[in-house]
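Remarks on the overall topology
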Amino acid sequence: MNKIAIITGVSREMGLGYETARQLKELGFKVIITARDFDKVSNLAEQLKVMAKQLDVTNDHSVNNLAKEVENEFGKLDVLVNNAGAFFDQGGEPLSTDLQFVKDAFDTNLLGAWRMIKAFHHLLEKSDSPRIVNVSSGAGSFGDPVFGLAHHFSKVPVYGITKLALNGLTVKVATQLKGSKIKINSVDPGFTATYPGTENYGARPVSEGAKSIIWAITIPDDGPSGEFFRDGQTLSW
Ligand SMILES: NC(=O)c1ccc[n+]([C@@H]2O[C@H](COP(=O)([O-])OP(=O)(O)OC[C@H]3O[C@@H](n4cnc5c(N)ncnc54)[C@H](OP(=O)(O)O)[C@@H]3O)[C@@H](O)[C@H]2O)c1
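The notes below deal with the structure included here. Quick caveat: nothing in here was measured; it's all calculated off a predicted structure.

Moving on: the sheet that holds strand β7 (residues 228-230). Ordered in space as β3-β2-β1-β4-β5-β6-β7-β8, the 8 strands form an open sheet in which the pairing is mixed. A single partner strand is all that each edge strand has here, and the edge strands are β3 (51-54) and β8 (233-234). Across the sheet, helix α2 (residues 38-48) is in contact with β2 (30-35) and β3; its angle to β3 comes to roughly 170 degrees. Where helix α5 (residues 111-124) meets the sheet, its contacts fall on β1 (4-7), β4 (79-82), β5 (131-135) and β6 (183-187), and the angle it forms with β4 comes to roughly 180 degrees.

Within this structure, the stated rule accounts for 5 aromatic pairs. Relative to F101, the ring of F87 lies with its centre 5.3 Å away and its plane at 75 degrees, an arrangement referred to as edge-to-face. In this pair, F87 sits in the loop between β4 and α4 (99-109) while F101 sits in helix α4, placing the two residues 14 residues apart along the sequence. You can call F101 partly exposed: its relative accessible area is 28%. Its end group placed over the ring of Y195, R12 keeps NZ or CZ at 3.7 Å from the ring centre.

The next subject is empty space enclosed by the protein. In the structure shown here, the tally under the stated rule is 1 cavity of 30 Å³ or more. Approximately 50 Å³ is the volume found for the largest cavity. Broken down by secondary-structure element, the contributors of at least two residues to the lining of the largest cavity are α4 and α5. Partitioned by chemical class, the residues of the lining of the largest cavity number 5 nonpolar, 5 polar and no charged.

Side chains of F142, I161 and L164 sit close together on the surface and give an oily, nonpolar patch of about 280 Å² of accessible area. Inspection of the secondary structure assignment puts F142 in the loop between β5 and α6 (157-176). When its relative accessible area of 54% is taken as the criterion, F142 is described as exposed.

Next up on the list: the packing of α4 against α6. Helix-helix packing is characterised by the crossing angle of the two axes and by the distance between the axes. As a packed pair, α4 and α6 sit with axes 10 Å apart at the nearest point and diverge in direction by 40 degrees. Between α4 and α6 lies a crossing of right-handed hand. Between α4, through F101, V102, A105, F106 and N109, and α6, the contact on the second element is made entirely by V158, Y159, I161, T162, A165 and L166. Per-class residue counts for the contact of α4 with α6 are 9 nonpolar, 2 polar and no charged.

Now for α5. Residues three or four positions apart in an α-helix share a direction because the helix packs 3.6 residues into each turn. End to end, α5 covers 19 Å across 14 residues, agreeing with the expected 20 Å (1.5 Å per residue, within 8%). When the local axis directions of α5 are compared, the greatest deviation, roughly 35 degrees, occurs at K118. Within the sequence span of α5, burial applies to G112, A113, R115, M116, I117, A119, F120, L123 and L124.

For the ligand, the set of nearby residues contains 27 residues, the closest of which are S11, R36, Y159, T194 and Y195. One of the backbone N or O atoms of N83 is found 2.8 Å from an oxygen atom in the ligand. Within the complex, 88% of the 880 Å² of free accessible area of the ligand lies under protein. More than half of the atoms of the ligand fall within 2 Å of the grid points belonging to the largest pocket. Looking at the shell around the ligand residue by residue, the classes come out as 10 nonpolar, 12 polar and 5 charged.

Rules and cut-offs
Residues numbered from 1 in each chain as written. Predicted model: local features only at pLDDT ≥ 70, side-chain atom pairs only at ≥ 80, totals over all residues. Heavy atoms only, no water. Pairing = 2+ DSSP bridges. Helix = DSSP H or I, 4+ residues; strand = E, 2+ residues; numbered from the N terminus. Contact = heavy atoms within 4.5 Å. Axes fitted to C-alpha atoms, helices over the stretch in contact; angles between N-to-C directions. Phe/Tyr/Trp six-rings, centres within 6.5 Å; stacked < 30°, edge-to-face > 60°. Buried < 20%, exposed > 50% of the residue type's maximum accessible area, 1.4 Å probe, protein only. Lys NZ or Arg CZ within 6 Å of the ring centre and 35° of its normal. 1 Å grid on protein atoms, 1.4 Å probe; cavity = no way out; pocket = protein on both sides within 12 Å on 5 of 7 lines; lining within 4 Å. Points joined across faces, edges and corners; volume = space filled by probe spheres on them. Nonpolar A, V, L, I, M, F, W, Y, C, P; charged D, E, K, R; others polar. Patch = residues over 30% accessible without salt bridge, like charges linked within 9 Å, V, L, I, M, F, W, Y side chains within 5 Å. Areas by Shrake-Rupley, 256 points an atom, 1.4 Å probe, with all protein chains shown as cover. Salt bridge = Lys/Arg side-chain N within 4 Å of Asp/Glu carboxyl O. Left-handed = near helix turned anticlockwise from the far one by under 90°. Expected span 1.5 Å × (residues − 1). Bend = angle between axes of the 7 residues up to and from the residue. Near = heavy atom within 4 Å. Polar contact = N/O pair within 3.5 Å; in protein donor to acceptor, adjacent residues only side chain to side chain. Sits in = over half its atoms within 2 Å of the grid points.

Below, the structure is given as structure tokens:
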């Protein structure tokens, strides 16, 4: 197989990006993992025997440079996983939140994915079965019974609203790309143990969270686009 996949936000061995890269490599993909810190991502790439590139998704220059490099080296892209995400404002309250924090959160969690899609869609169009997966969260939906937008347990207002917006981006890009080969979907990996101790609060193994992302990467050519899934099951917005 000669399929090229890029994953953003791969700076930690415990993270979903690392595990997604590991599972994609097992499936035979040529994987490029990326992170802001080149030393971190190259160490991880060495472990996985995949490629590493420096990438800050908030920086136009960094994103466009990577697109040029991928174009020169491979001439196409098959899979884009927008996994970079942060600003988990646990315990936050919208009325007291610093709006600079909100702008920074949007710059990474929403515009990061948007920049990547804008920079790479022409390379994705050159693939036979191109896929974009936006790694979202139940915190950005109304349907999630625990972390959802309207539930009192969901005290991550800024993070939740950025993921809500990311889901909106998924729908709008899918609408524009109707008729193209590119399938774009949002995926909630579920509450996943990517930080030590979270398994004590019910987080599931990272292998399971990543499987949810792999599902959306490997959907068939007549599969869905512009939708929101966890474990291959539709989630309500
Ligand atoms: N774990 C869960 O329960 C869960 C549930 C739902 C959704 N998610 C989503 O899953 C994704 C991965 O999360 P994770 O749990 O695996 O945690 P993580 O390892 O902290 O992953 C987030 C990654 O995003 C990177 N990042 C932040 N800002 C960036 C930027 N400007 N440019 C490039 N990379 C940047 C971080 O890199 P640095 O080290 O440079 O900060 C980090 O590698 C996130 O989008 C998260 O919202 C996670």
